[in-house]
Amino acid sequence: MKKVPYRNYISNFFGLCIVAFLLFSTSLYSQDEAPAQEAEATEAVADDTAAGADPAKGKQLFNQNCAACHALNRKMTGPALANVETRLAEEEGLDKEWLYAWIKNPAGMISSGDAYAVKIYNEYNQAQMTAFPTLSNQDIDDILAYTAAPPPTPVAAATGAAADVATAEPGISNEIVLGALVLIFGLLVMMLFLVNQTLRRIAQANGVLIEKEKAAKGTPIWKAFAQNQFLVLVFSIFLLLSAAYFAYGWFMQIGVDQGYAPIQPIHYSHKIHAGDNKIECKYCHSSARVSKHSGIPSLNVCMNCHKSIYEYSGNPEGPSAEDLANGYTNEFYTTEIKKLYKAVGWDEENQQYTGETQPVEWVRIHNLPDLAYFNHSQHVTVAGIECQTCHGPVEEMEIMYQYAPLTMGWCIDCHRETNVNIADNEYYAEIHEKLSKKYGVEKLTAAQMGGLECGKCHY
Amino acid sequence: MASNKKYWKNEAELNPNDSIVETLRQNEFPEEIPVDEFLGDKNNLSDSSTSRRDFLKYVGFSTAAASLAACEGPVRRSIPYVVKPEQIIPGVANYYATTIANGFDFASVLIKTREGRPIKLENNKEAHVLGGANARVQASVLSLYDSTRLQGPLFNGEPIDWDVLDAAVKAKLTTLENSNQQLVFLTQTYASPSTERLMEEYKAAYPGFVHIAYDAISEDAALNAFESKYGERALANYHFDKADLIVSFGADILADWQGGGFDSGYSKGRVPVEGKMSRHVQLEANLSLTGANADKRIPLKPSAQKKALASLYGMLNNSNVSTGLDESTLQALESIAQEIKKAGGKAVVVSGLDDEDAQNVVLAINEMLNSEAFDPTSPRFVRKGNNKALAQLITDMNSGKVGALIMDGVNPVFTLPNSAEFVTGLEKVGLSVAFSTNWTETTQAVQYTASANHYLESWGDAEFQKGHFSLMQPTIKELFDTRQFQHAALLWLGSDKAYYDFVRETWDTQILNGASWNQALHDGVFRSASLDESAPADQVVSNQEIATEAGPSIAPLTNAIKNLASAEESEVELTLYSKTGMGDGQQAGNPWLQEFPDPITRVTWDNYLTVSKADANSWGLVNENVANGGLDGSYVNITVGDTTLQNVPVIIQPGQAQGSIGLSLGYGREVGMKSEMKTGINAYSVYKNFQANQNASLEKVGGMHEFACIQLHNTLMGRGDIIKETTLEVFNTKDAAEWNSIVHVSLNHQEVPATTVDLWDSFDRSIGHHFNMSIDLNACTGCGACVMACNAENNIPVVGKTEVRRSRDMHWLRIDRYYSSEDTFEQDNIKKDEFSGAFESKTGFEQMEQAATNPQVAFQPVMCQHCNHAPCETVCPVAATSHSRQGQNHMAYNRCVGTRYCANNCPYKVRRFNWFLYNNNDEFDFHMNNDLGKMVLNPDVTVRSRGVIEKCSLCIQKTQKTILDAKRDGRMIKDGEFQTACSAACNNGAIVFGDINDGESKVSELKESDRMYHLLESVGTKPNVFYHVKVRNTNEA
């Protein structure tokens, strides 16, 4: 009997293997396909462009130099650049030489009064384009070749769709397996009942008497228990103690919001920003350096990057199966970026601020009570503690949560164990030398420095 | 054995058959409980919407909800800026230099803002003139967040738009362009070059334009005297730090006399340096702050002061002036005259008498002396009020000559003694507009009310003293739909300039002379270059010139002397004064100021009539303490001319000149005030002809007034170790052990110094910081700026009059004021020591509870003494109060359970208990109970809850901030960086704070001083706050 579930597990395992095989084979195949498409496309374009222009190199140059202000099919700080060469030639009658000159010295073109240069300058809020005198004509050719190439079909979407189907399968099969198990178990119970009945019937037919009263004669166990006062006493003491234990445990967690992960008005992923893109924490939380508050960044800080990052195109491998299961698709993230634009009042179309803002009401996660004073700059700048020490692996958090319990015991434990960071700090020089001599230690902990005194945090 | 005794409850029980006894025995309740009446009535029950089941449901639900709510933390939201201003970092304070010039208080100050909210005021140390904030200026930041402020312009009390107001004014102004009707601006004193220029522009545009400056409390006499002598309508400047002898005839030079701000100079001269300090003689009627600080104080009625001044002039001039003063006064005057002659140019004579003759005589004396402290060359412009012009205006208004009257910064309907005339005149004015921050008596009477900016929302400038300029800049955007007067005035003139541009223009063309505007704005103050170059030489020259001119100018003085000598005497002479906490009353709605204890009487939430003990006895007036300790006082009606003030409460004031009474101005506001703030009596109605001295009569009326006085015991009873003091002579000639002796106690039957005995082991505090605070009783004038700064810094709640009366005041820092019971404190000590036997000491001590008729006065700021061996710490059952290595006594509010053992065990009585939740409480209506008022709270200090003890923390939030800044910069801390709110607020140098482990710090130097002593040294608490023995420059004792 016991073997049944095992057998099932084995079949389940095989099922998973098959699924995995299917999954990976499809994605491998689709990935093979994509570069092939790209290659075809570039080949087709290569005919049009000057001989020797390399769109692949152009792409690299474009991303390095141009992408901050230009996109291929979209107006950003500067105009969209897809087919810019042909467009200029057809619409404005400007040749490649004009482009060379413009890219290398836009300011000169504007001041010399070139009609189109001035027009473009005025059209884009008089934001002057950066000059690229270092780009050779060959480089510019490469870039133009890249802009002339039609954009490759989005690959990630295909992969995503395939993965979608694939990941759905194990979920269903699990349910089926469970259902089957339940069914089998039900059948077994029924069988047992039937067997029992049949046996009884046979016994009756054979004249065997089943001793029913035997069990009834002895005192039932609960009665025996109830009559034994000692046992009752021990049991009730045990009950009371365990109740007290759990009650204490429950009371002690009141107000401790470890793991608190509220839903925020904008789904902001620390994983993408701090993890995938490795943005330094203090780039956004800049006041942590100088203030008691780390500060939720104001929206203009977001716009430093998001002026040009208007959509989420995912990490190179595409969204993981887990992300997709949670609905974290590229489109999902892109809509979140749109929420930011709405809040900050950014008109994507015209690339300018409308002035209609809607401040974002973030849900505060780390709520230290008013009675406790905590200063970020003391810990971040003076002590040089990593943000992760208290806030946990933020770079892995898709949804931000409270990592530490933020209880007084937690603070104090750390103060007892952590040495004071005295490196290159003249303030500590004298006091550290004298105090460490007094306590007979090499390095002082924060506690020895006075970090356990009540008034240091409560006033 | 069980007792069979039967206890009779009633005689009737003797009769066993008494029916009543029987029924009583049967019934538990003598009266029938109406159970049936309620439950038996079906209708009644069915009418009730709540059935018993419902009731239980509600109880169950609310209990469950309450316990659930307690377990679940609330969801808190954080809303960051959309676009963060570059300068604002949440959690970091910004400071801006600005200027207060509200017509009564003038000062250059720094404003501390947090997240864009102004929350506290600091002194501007860059300022050479008026850089110190007094108590009212300190409190003015709260007036910004007054919930009764006007939120927009009004027409006859109905809200309107600014457009409507603009249109109405412009229309009227156009009609006035070519008319002979007057356009009158009735305003406060601005002392502002830009506003002056604006007024010039109006003058050019409108033929009938008149600008009248009006000071509620007038300095007209002094202004006229100065104007007639020096040709400029201004006030002479005084450098009291340069004076060796100060003689004052009723001038409250430490308070608001001639615009105030003289106290820091005064204090500089009062600290004995190399055996020298200034001597101060005060002749006055009321006991003023200045009189309390004087070395010699002669109580004189105002009329006698005038005579004395004339007589003194005669003595100095060697001419004979007969005044009819009594022999002892003349003798005292003679000795003063001798001293003045001896001091020569180091002496200065000042007068606060509202009398042009007196002011002329004083100017003449100072010139005659060639006084170094007297400076007419760079006069002050902080009072401009012109009473003659004002009287003319009222006449013109009543005769219909005024086409439009525009007022700013004044409340004449309240502050004018003849306000009824003014109001009837207002009705005949074509257009009346009043700029005001609040709904007042005046806004009620005019057509248009223009909601005005608070000074912290305004641009502006000021020239307090010739050549000393300051700038006013907004530190917050207008909270409401308000406008500052100058902005509106520019608009009505047809200019599209913002007032900022106008000020800048004035400065660029007239003041800066090429210097940087940004630098001036940053510093808040600017000294014109000519001052630095030529000032000292100039002054000497001009003084000499004046000295030579003094001869001929004496001639017209003979009349003045004659007038003064024959000053009319009256049986009861009233002196009106401005209280340290209330000033002219424009901030009467400020709860901090209402709860500010008067430095002299220590009474809060009131004004009152001060009378001398002898007069009180003869008029049957009493002060008495009732069962809960509260102080009660009799009522009187005062009549001045045809005006009677009803039910004025009486305080018996030691030191009050016999035959004189005192009453403070500024109280009694009613219109637009919260009910709690409607305190006191309006004394402006007896401020006839802007004369502070009036002849009055009074009669006692029934009833007793309940005061909220925070100091109920007024004398030291010979406890010389609380306030140690000595005379300059003793100080200079004797050993410190003699005048600053340490109390000896008996240990093992041996007399040893108390400081050597200790119950506790000492901790080593030699490493790191060790904070100490030094309080110099010589430099402290008792002005109370520190008290107000402490309130603002530490979120101290206002508790209201009834709570203060129950001794539940919450101030962390108090300034104790003591009167001597004999003529001097020294005599108190001697008297106490000479008691022999229980009987004599009993009666003797009873006598010593009463202050002397003209007592010596001493002030002593007391806050938590931060004892190294603190009695409070040893008795706290939950270790809520504990000690730090840095010398601060910590108080963890969240740990406190409110046993109040610590407060009982504190020998200094500095711990305060939160009897109520003073914030978010419907029972209180002060700033902490509305959203606007809460904006003043300091985010770095916890707002305490009900049931916990609180006390001075030595501003640990400030010391910690200083340490953190140094750590972040990786540097040592310089002396002077450590400050507390009180030490930073003290402009007189009385409170010095610092680290005594830093051997070079000022405080460690002060601790080594011979004058250093600890409060109640004999208790062995080893406090970290120490005092400096008060030295009096007296030759009598």
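The structure presented is a predicted model; accordingly, all values stated were derived computationally and were not measured.

Caption draft 1: View of the overall build of chain A. Each helix and strand counted, chain A has 21 helices and 3 strands in total. Relative to its full complement of 459 residues, chain A shows a buried share of 15%.

Caption draft 2: Fine view of the environment of H239 of chain B. Residues and elements named next belong to chain B. Tracing the backbone through its elements, the reader meets H239 in the loop between β9 (235-238) and β10 (245-249). Separated by 65 residues in the primary sequence, H239 and T174 have C-alpha atoms spaced 49 Å apart. Those residues within four positions of H239 in sequence are excluded, and the remaining contacts are G265, A373 and D375.

Caption draft 3: Inspection of helix α16 (residues 419-427) of chain B at higher detail. Residues and elements named next belong to chain B. By the burial criterion, the buried members of α16 are S419, F422, G425 and L426. All buried residues of α16 project into a common sector of 115 degrees when viewed along the axis, lining one side. Exposed side of α16, more than 90 degrees from the buried face: A420, T424 and E427 are the residues found there. If you follow the buried residues of α16, they end up packed against α14 (387-398), α15 (412-415), β16 (431-436) and α17 (441-445).

Caption draft 4: Main features of the packing of helix α7 (residues 193-205) of chain B against helix α19 (residues 499-511) of chain B. Residue and element names in this part refer to chain B. In the contact formed by α7 and α19, the axes pass within 9 Å of each other and the chain directions differ by 100 degrees. With respect to their mutual orientation, α7 and α19 come out roughly perpendicular. Facing P193, S194, R197 and L198 of α7, the residues of α19 in contact are F502, V503, T506, Q510 and I511. The residue makeup of the contact of α7 with α19, split by class, is 5 nonpolar, 3 polar and 1 charged.

Caption draft 5: Structural context of the sheet that holds strand β3 (residues 106-114) of chain B. Residues and elements named next belong to chain B. Spatially, 3 strands are ordered β2-β3-β4 in an open sheet, and the strand pairing comes out antiparallel. Each of the sheet's edge strands pairs with one partner strand only, and the pair in question is β2 (94-101) and β4 (117-123). Strand-to-strand, the axes of this sheet are offset by a mean angle of 35 degrees, without reference to chain direction. Pairing between β2 and β3: 8 bridges, direction antiparallel.

Caption draft 6: Molecular detail of the pairing of strand β27 (residues 660-665) of chain B. Residues and elements named next belong to chain B. β27 sits mainly inside the fold: 6 of its 6 residues count as buried. Across 6 bridges, strand β21 (residues 573-578) lies against β27 in parallel orientation. If you follow L574 over to β27, its bridge partner there is I661. Two elements, strand β23 (residues 609-611) and β27, share 3 bridges in a ladder whose sense is antiparallel. Its bridge partner being in β27, V611 is matched across the sheet by I661.

Caption draft 7: Inspection of the nonpolar core at higher detail. Counting residues in each nonpolar core, the largest one holds 271 residues, and the members touching the most others are V361, C786 and A789 of chain B. Excluding its chain neighbours within four sequence positions, the residues that come into contact with C786 of chain B are L813, P861, C982, A985, C986 and I991 of chain B. Membership of the second largest hydrophobic core comes to 15 residues, among which are A53, W102, I140 and L144 of chain A.

Caption draft 8: The confidence of the model for chain A, seen in detail. All names here are of chain A. Of all residues in chain A, 81% have pLDDT values of 70 or greater, and the mean over the chain is 80. Low pLDDT, under 50, characterises residues 1-11; the predicted model gives this stretch 4 contacts beyond four residues in sequence or across chains. Scored below 50 in pLDDT, residues 19-49 shows 30 contacts in the model against residues more than four places distant or in partner chains.

Caption draft 9: Up close: the packing of helix α2 (residues 55-66) of chain A against helix α7 (residues 137-148) of chain A. Residues and elements named next belong to chain A. Look at α2 against α7: their axes get within 7 Å of each other, and the N-to-C directions meet at 100 degrees. Judged by the angle between their axes, α2 and α7 are roughly perpendicular. Each of P55, K57, G58, K59, L61, F62 and C66 in α2 lies in contact with α7, whose residues at this interface are D139, D142, I143, A145 and Y146. Across the contact of α2 with α7, the residue classes tally to 7 nonpolar, 1 polar and 4 charged.

Definitions and limits used
- Residues numbered from 1 in each chain as written.
- Chains lettered and ligands numbered in written order.
- Predicted model: local features only at pLDDT ≥ 70, side-chain atom pairs only at ≥ 80, totals over all residues.
- Helix = DSSP H or I, 4+ residues; strand = E, 2+ residues; numbered from the N terminus.
- Buried ≥ 20, exposed ≤ 12 C-beta atoms within 10 Å, placed from the backbone.
- Contact = placed C-beta atoms within 7 Å.
- Arc of directions from axis to C-beta.
- Axes fitted to C-alpha atoms, helices over the stretch in contact; angles between N-to-C directions.
- Parallel < 35°, antiparallel > 145°, perpendicular 65-115°, else oblique.
- Nonpolar A, V, L, I, M, F, W, Y, C, P; charged D, E, K, R; others polar.
- Pairing = 2+ DSSP bridges.
- Core = buried A, V, L, I, M, F, W, Y, C linked by C-beta atoms within 7 Å.
- pLDDT = per-residue confidence, 0-100.

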